[in-house]
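# A look at the structure
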Amino acid sequence: MSETLPILKIGDTLLVALQGDLDDAAVVRIEEQLTQEVARVHAAGVLIDVSGLTVVDSFIARVLARVVAMIRLLGAQTVVVGISPAVAITLVELGVPMGHLDTALNAEQGLALLRRLRAAADHGSDR
Amino acid sequence: MTAGLAHPAVRTVEIATEADLIRVRQALRAASEQAGLGLVDSTKLITAGSELTRNILTYATGGRGTLSVEQVRALGRNGVRGTFTDSGPGIPDVDAALTDGFSTGGSLGLGLPGSRRLVDELTVATSPSGTTVTVVKWGR
Amino acid sequence: MSDDGTRLRVLEAVATLVSDGIATLDPQGVVVGWNAAATELTGYEADEVIGRSVSLLYTEEDTARDLLATELDGSRGSGRFETEGVRVRKDGSRFRAAVVVAPLTGADGELTGFVKVLRDVTSRRADEAMFNALLESAPDAMVIVDPDGRITLVNRQAEIMFGYHREELVGQTIEVLVPQRLRGRHVHHRDGFFAAAQVRPMGVDLDLFGVRKDGSELPVEISLSPLDTDRGRQVCAAIRDVTERREQAERLRRQRDEIMELSTPVIQVWDRVLALPIIGTLDSGRAARLTEALLEKIGELQAEVVILDISGVPTVDTLVAQHLLKTVQAATLMGASSILSGVRPETAQAIVHLGIDLGRLRSRNTLREALQLALQIVRDRSSAMSEAAADVAGAAW
Ligand SMILES: Nc1ncnc2c1ncn2[C@@H]1O[C@H](COP(=O)(O)OP(=O)(O)OP(=O)(O)O)[C@@H](O)[C@H]1O
Ligand SMILES: [Mg+2]
């Protein structure tokens, strides 16, 4: 299984949509591809759309959190969009700590949030 | 007899590799749809099933076990019961294992307590010759 | 100093006074003494049985399985052997006897023989027959259980309710009628009841379930009463199928919930701003439904800000605060910001004292102030959004 993850690039922002029922191997593969791509193209922002995921269990959630942390180390910001009501409630009940995740309702709002995050990050590095 | 009978169809899924996670989720999703569970309830059940399957893959001997899924009915409500069985080493301290943050695998220790919050009933029967975790999610 | 002969004579003197049949036996079970009551009970005169084995009272089956050895060895082992069974009179008629056998020992502790007491309990059986008739006519399923939890008697209603034949139930532990998931707990409660038995309903306010032979469950209501019998304390459980009653209660509960839900609507107060005025107490079920309704609306209307107004919640305890926190967390995951409004001073104190971390949650005293803040947030975001759109458009060129 080596299907590649379609990663869209708009300006210095990467867009990726996760879809379907992912097994652990697929999740880990996505993690690797995405971080490599961020480094390769020097992306400043990443938008991960998870509206196509039917289930986000603690493993997938943890990998997502890991990807976000790695991308931050690579100098970029990540916003996750499209968490459905069912998935949101489930993650909260499950108790996976997601406090550090930046989220938005849709791609449009996600791009706006990315912009604000980058402004804040740049501002922070000035000081 | 007015009280309904347990749905006769029992589906079983062998758990042996990570790829079986998907089969487990599919079986639980199919049963949830049959029982008329809403999207939120079925998502909770499937997620709990994912966690319990992962526990079997991690902690049971050879990472092997079985899920059986059946529809249940009581008090005019439909529900789904999933029974996760393995013949692994068992859980020495069930109360601890059901506590947030307890893990012998250096993990977050969320699987069991989190699953319990996601379903309506969760019971653990365990001995040194194996573990059975049963979950039930009722429709509304 | 009393020799063995004197002891035996004392025993025989006592034997003439009692109404139970008493036989004294030598160590092999041969009759050496026989009181008048024994004659009355069995039809054998003393001189007809003395010198013969006491097994002449046994049925053929009991003789074949060497009941004599069982009785004598049993009494020697534990100092006393009790049994109940059928015995045969001289005329061949049968009676039901309660039997006690005890060993006799000499001054040095050596076995000198046995004493065997026989009581006709056929008439007690008649009482039992009446009891059984009563049991059978009861409208509820009745199950009688001994202190080990074994079923000793069931009635017809119990057979119908649980789908078993009585032969399948008698001798089993009562837990066969309890769903697997509740069994462990049940054994525990059962021991507790035997320790402090009194007539009482079981598991007051508990949802009790029974399980039929085919595995299906039924909701039940159970009333327990201790039953002191000559076989020790037993417990009689009267079991009633309450499927219909529970279904009705469930329907009522759901109707009530629906009315509650209607009284707590999610309101769109502005473009992309929702308000949820929570009125009344929040239990887990209601909190879950409110959260779901709110999140659905967030998705549907793509709302960016949610105002949770709690001025109508009488007390905010740990549980309510935790429900609120979960709602806020779930809304945040979807990408909506939350504002809490209507926090009274005592509520603020409670939340802080409880050590509940409401995280980045913003709070305003009144709904009006909360709304102002919400509009501010939406305005800021939409300007960021148009700038972002310009970026993307620029990049696409
Ligand atoms: N099927 C099982 N067989 C044996 N032990 C188990 C089994 N399931 C769980 N356990 C034990 O219970 C503990 C708690 O399980 P739980 O799923 O809550 O946490 P975890 O698996 O350690 O971490 P997480 O699920 O958050 O990754 C495990 O660490 C393990 O010791
Ligand atoms: Mg786990």
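Presented here is a report on the structure given in the accompanying data block. The structure displayed is predicted, hence computed values, not measured ones.

This brings us to the overall build of chain A. If you tally the helices and strands in chain A, you get four helices and five strands. Reading chain A from its N terminus to its C terminus gives the helix and strand order β-β-α-β-α-β-α-β-α. Every one of the 127 residues in chain A was classed for burial, and the buried ones make up 54%. Look at the contacts in chain A between residues 6 or more apart in sequence, and 76% of them connect residues 24 or more apart.

Contact residues are listed per partner, giving 22 residues for chain A and 22 residues for chain B. Carbon and sulfur atoms supply 58% of the area buried between chain A and chain B, which totals about 1,900 Å² over both sides. At the surface where chain A touches chain B, the tally comes to five salt bridges. Between B:R25 and A:D21 there is a salt bridge, with the nearest N and O atoms lying 3.0 Å from each other. Taken together, chain A and chain B are joined by eleven residue pairs in polar contact (both at pLDDT 80 or more). Among the secondary structure elements, those contributing two or more residues to the side of chain A that touches chain B are α1 (24-41), α2 (58-73) and α3 (85-94) of chain A. Looking at which element gives the most residues to the side of chain A that touches chain B, the answer is α3(A), with six residues.

With that out of the way, let us pick up the interface of chain C and chain B. Taken residue by residue, the interface counts 18 residues in chain C and 15 residues in chain B. For the pair chain C and chain B, the summed buried surface comes to about 1,500 Å²; carbon and sulfur atoms form 56% of the total. In terms of surface lost to chain B, no three residues of chain C exceed C:R181, C:E247 and C:E292, which account for 28% of the buried area on that side. Seen at the junction of chain C and chain B, the total is one salt bridge. C:R181 is the partner of B:E121 in a salt bridge, and the nearest nitrogen-oxygen pair spans 3.6 Å. At the junction of chain C and chain B, the tally comes to zero residue pairs in polar contact (both at pLDDT 80 or more). The element that contributes the greatest number of residues to the side of chain C that touches chain B is helix α10 (residues 243-262) of chain C, accounting for six residues. In terms of residue class, the side of chain C that touches chain B is made up of four nonpolar, two polar and twelve charged.

Moving on to α1(A). Helix length check: α1(A) (18 residues) gives 26 Å between terminal C-alpha atoms against 26 Å at 1.5 Å per residue, within 8%. Buried within α1(A) are the following residues: A:D24, A:A26, A:V27, A:R29, A:I30, A:E31, A:L34, A:T35, A:E37 and A:V38. Contacts from the buried residues of α1(A) go to β1 (7-10), β2 (13-20), β3 (45-53) and α2 of chain A together with α1 (20-35) and α2 (39-59) of chain B. A:H42 sits one or two positions beyond α1(A) and adopts a positive phi of about 55 degrees.

Turning to its location among the elements, C:R272 is positioned in the loop between β12 (267-270) and β13 (273-279). For the pair C:R272 and C:V378, spaced 106 residues apart in sequence, the C-alpha separation works out to 7.6 Å. Setting aside anything within four residues of it in sequence, one finds C:R272 in contact with A:Q109, C:L301, C:Q302, C:A303, C:E304, C:V305, C:V378, C:S382 and C:M385. Among the polar contacts listed, one links the side chain of C:R272 to the side chain of C:E304, at a separation of 2.4 Å.

Moving on, we come to the nonpolar core. The biggest cluster of nonpolar side chains holds 97 residues, and the ones touching the most others in it are A:L18, A:I48, B:F84 and C:I298. Of the residues forming this core, the biggest block, eight residues, is contributed by helix α12 (residues 318-334) of chain C. Those residues in contact with A:I48 that lie beyond four places of it in its chain are A:V16, A:L18, A:L34, A:L64, A:V67, A:T78, A:V79, A:V80 and A:V81. Ranked by size, the runner-up nonpolar core spans 23 residues in total, among them C:V154, C:F162, C:V176 and C:I222.

Turning next to the sheet that holds strand β4 (residues 77-81) of chain A. Residues and elements named next belong to chain A. Strand order in this open sheet of five strands is β1-β2-β3-β4-β5, and the pairing throughout is mixed. At either margin of the open sheet sits one strand with a lone partner, and together these are β1 and β5 (103-104). Summarising the sheet, β1 and β2 pair through four bridges and their orientation is antiparallel. Pairing of I7 across the sheet is with V16, part of β2.

All names here are of chain C. Under the defined criterion, the tally for this structure stands at zero aromatic pairs over all chains. For the cation-ring pair, R181 lies above F209, with the distance from its terminal atom to the ring centre recorded as 5.4 Å. Of note, R246 hangs over the ring of F209, and the distance from its end group to the ring centre comes to 5.5 Å.

Bringing the pairing of strand β3 (residues 81-88) of chain C into the picture now. In this structure, β3(C) lies alongside strand β4 (residues 94-105) of chain C, joined through eight bridges in antiparallel fashion. Residue pairing across strands places C:E82 opposite C:V100, the latter belonging to β4(C).

Of note in this structure, A:H42 is not a glycine but carries a positive phi near 55 degrees. For A:H42, the position within the fold is in the loop between α1 and β3. Judged by its relative accessible area of 67%, A:H42 is exposed. Backbone geometry at C:Q302 places phi at a positive 50 degrees, although glycine is not the residue there. With respect to the helices and strands, C:Q302 occurs in the loop between α11 (284-301) and β14 (305-312). Its relative accessible area of 26% is what places C:Q302 among the partly exposed residues.

Below, the discussion takes up the sheet that holds strand β5 (residues 111-120) of chain C. Pairing between the strands of a sheet is mediated by backbone hydrogen bonds and can be parallel or antiparallel. Residue and element names in this part refer to chain C. Taken in spatial order, the five strands of this open sheet run β2-β1-β5-β4-β3, and their pairing is antiparallel. Each having just a single partner strand, β2 (31-34) and β3 make up the two edges of the open sheet. Strand after strand, the sheet turns through a mean of 30 degrees between neighbouring axes, direction not considered.

Moving on, we get to the pattern of salt bridges. Under the defined criterion, the tally for this structure stands at 34 salt bridges over all chains. One salt bridge in this structure joins C:E304 and C:R272, with 2.4 Å as the shortest N-O distance. Of this pair, C:E304 sits in the loop between α11 and β14 while C:R272 is found in the loop between β12 and β13, placing the two residues 32 residues apart along the sequence. Grouping residues by exposure puts C:E304 and C:R272 together as buried. Among the charged side chains, a salt-bridge network with shared partners connects A:D21, A:D24, A:D57, B:R25, B:R29 and B:R54.

About the cut-offs
- Residues numbered from 1 in each chain as written.
- Chains lettered and ligands numbered in written order.
- Predicted model: local features only at pLDDT ≥ 70, side-chain atom pairs only at ≥ 80, totals over all residues.
- Heavy atoms only, no water.
- Helix = DSSP H or I, 4+ residues; strand = E, 2+ residues; numbered from the N terminus.
- Buried < 20%, exposed > 50% of the residue type's maximum accessible area, 1.4 Å probe, protein only.
- Contact = heavy atoms within 4.5 Å.
- Buried area = accessible area lost by both parts, 1.4 Å probe.
- Salt bridge = Lys/Arg side-chain N within 4 Å of Asp/Glu carboxyl O.
- Polar contact = N/O pair within 3.5 Å; in protein donor to acceptor, adjacent residues only side chain to side chain.
- Nonpolar A, V, L, I, M, F, W, Y, C, P; charged D, E, K, R; others polar.
- Expected span 1.5 Å × (residues − 1).
- Core = buried A, V, L, I, M, F, W, Y, C linked by side-chain atoms within 4.5 Å.
- Pairing = 2+ DSSP bridges.
- Phe/Tyr/Trp six-rings, centres within 6.5 Å; stacked < 30°, edge-to-face > 60°.
- Lys NZ or Arg CZ within 6 Å of the ring centre and 35° of its normal.
- Axes fitted to C-alpha atoms, helices over the stretch in contact; angles between N-to-C directions.

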